[in-house]
Amino acid sequence: MSETAYPPVSQHLSDVEAAREEGRRKMDWALQHMPILNALREEFVDEQPLAGETIAMAMHVEAKTANLVELLAEGGAEVAITGCNPLSTHDDVSAALDAHESITSYAVRGVGDEEYYDAMHACIAHEPTITVDDGMDMVKLVHEEYPDLIDSIIGGAEETTTGVDRLRAMDADGELHYPVFAVNDTPMKQLFDNVHGTGESSLATIAMTTNLSWAGKNVVVGGYGQCGKGVAKKASGQNANVIVCEVDPRKALEAHMEGYEVLPMKQAAKKGDVFITTTGNRDVITREHFGEMQDGVLLANAGHFDVEVNLDELDGLAVDRYEVRDGVEGYEMPDGRVLNVIAEGRLVNLAAPIALGHPVEVMDQSFGVQAVVVRELAANGDAYDAGVHDVPDELDREVADIKLAAEGVEYDDLSDEQREYMGSWEHGT
């Protein structure tokens, strides 16, 4: 693999061997609970579907992701990976990956913006034939600064809602010049990862970071997409009172019909104890809302980027700012109220100090889809034109079948007569 100016993680750590050992321990624990990746690993090792490919990845580098990375390497690929969020990398896991002969990991926790992009440049210097992204920063960088690589890139895969939204905007502008699969939009991702994964991990992380209960609290959820639905459902299940803020009339109506209170953020700001943003958009909570909030509120973001809670405006209002506890920063207002921000407004379930991301079983499903999509690109990449593509349904179903078999769950199949009936327009009354 190529040498680059920015060094791999192993050159950033004082005790590399200890870090690798701990990272491997975390990976092995996760892999015990990832039957989909285990099944695909057997196939990939035997068939080497990724032989000759070079994969550049920008993802949350923690134990579950690491098992996907290692699966791709075991399938024959050379892999270079870095983080997609400055606070979501686990250095020990990154070091364990870097020890693999076919993997170079540049992911380091807590880097600034310059180092964050230096590491991404280092990945791209490996001249990838496939990109795997979480947030689309890698794809954007390739197009803006490495256009000469585009012709040799077969395609890519995008993990998260924010990344897919950015890709679709890029595609609409005619600026996306190789095919990218919208992994986020598959049923196996939408139905489980975004709902159960985001809901459970965000609430668990906030509770563990603050040592506070959900019962009886007014929880304001910004956005009622799949992630917002998960947060609202899980908060309600822990006996919180849920208030939903939306800009789409249908989603607002859906939240109302699910029994949640629906309010504009200006009104919700007066009632909320905990605010969790899940929109993927900027300025969901701003200056006008901070002025309405109660003393001691918690502000957290479960969207990909740290722009949903406007911390520049909050900082401008504050007369003091200090660490309340590990992972929580208090902003003192002129009238003495303190508004508490968790994980610097970054993706709370991955960026808080004790955060571990989505549950292992959930990410096994999403990363299973990632793996079969990369396999599809290696086998049939020429069949896809530049632009955003839905994941072929048979690949999504393949991952579901593997999971059900591992769980010992059997299900029905259509008979030939039923298939014919469903595929015909001639049957009537």
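Since the structure is predicted, the reported quantities are computational estimates derived from the model, not experimental observations.

## What to know about the packing of aromatic side chains
Then comes step 1: Taken as a whole and assessed by the stated rule, the structure comprises 3 aromatic pairs.
Then comes step 2: Here Y224 and Y260 contribute two aromatic rings whose centre-to-centre distance is 6.0 Å and whose plane-to-plane angle is 70 degrees, an arrangement assigned as edge-to-face. One end of the pair, Y224, is in the loop between strand 7 (218-222) and helix 9 (226-237); the other, Y260, is in the loop between helix 10 (249-257) and strand 9 (261-262), with 36 residues separating them in the sequence.
Then comes step 3: On the basis of relative accessible area, Y260 is assigned to the buried category, the value being 12%.

## Describing the domain arrangement of the chain
Then comes step 1: Per the domain assignment, the segments making up the chain are domain 1 (9-189 + 358-407) and domain 2 (195-351).
Then comes step 2: Placing a centre on the C-alpha atoms of domain 1 and another on those of domain 2 gives a separation of 29 Å.
Then comes step 3: The partner domain 2 presents 15 residues to the 17 residues of domain 1 that form the contact.
Then comes step 4: At the boundary of domain 1 with domain 2, total buried surface from both sides reaches about 1300 Å², with 59% on carbon and sulfur atoms.
Then comes step 5: It is L87, T162 and H358 in domain 1 that bury the most area against domain 2; as a group they hold 39% of the surface buried on that side.
Then comes step 6: Taken together, domain 1 and domain 2 are joined by 0 salt bridges.
Then comes step 7: Our enumeration of links across domain 1 and domain 2 arrives at 6 residue pairs in polar contact (both at pLDDT 80 or more).

## A few points about unusual backbone geometry
Then comes step 1: A positive phi angle is found at M136, which is not glycine, with a value near 80 degrees.
Then comes step 2: Mapped onto the elements of the fold, M136 is located in the loop between strand 4 (130-133) and helix 6 (137-145).
Then comes step 3: In the Ramachandran plot, A343 falls in the positive-phi region, its phi being about 55 degrees despite a non-glycine side chain.
Then comes step 4: Structurally, A343 is set in the loop between strand 14 (338-342) and helix 14 (348-351).
Then comes step 5: Among the residues examined, A343 registers a relative accessible area of 4% and is labelled buried.

What counts, and where the lines are drawn
- Residues numbered from 1 in each chain as written.
- Predicted model: local features only at pLDDT ≥ 70, side-chain atom pairs only at ≥ 80, totals over all residues.
- Heavy atoms only, no water.
- Phe/Tyr/Trp six-rings, centres within 6.5 Å; stacked < 30°, edge-to-face > 60°.
- Helix = DSSP H or I, 4+ residues; strand = E, 2+ residues; numbered from the N terminus.
- Buried < 20%, exposed > 50% of the residue type's maximum accessible area, 1.4 Å probe, protein only.
- Domains from an automatic or database assignment.
- Contact = heavy atoms within 4.5 Å.
- Buried area = accessible area lost by both parts, 1.4 Å probe.
- Salt bridge = Lys/Arg side-chain N within 4 Å of Asp/Glu carboxyl O.
- Polar contact = N/O pair within 3.5 Å; in protein donor to acceptor, adjacent residues only side chain to side chain.

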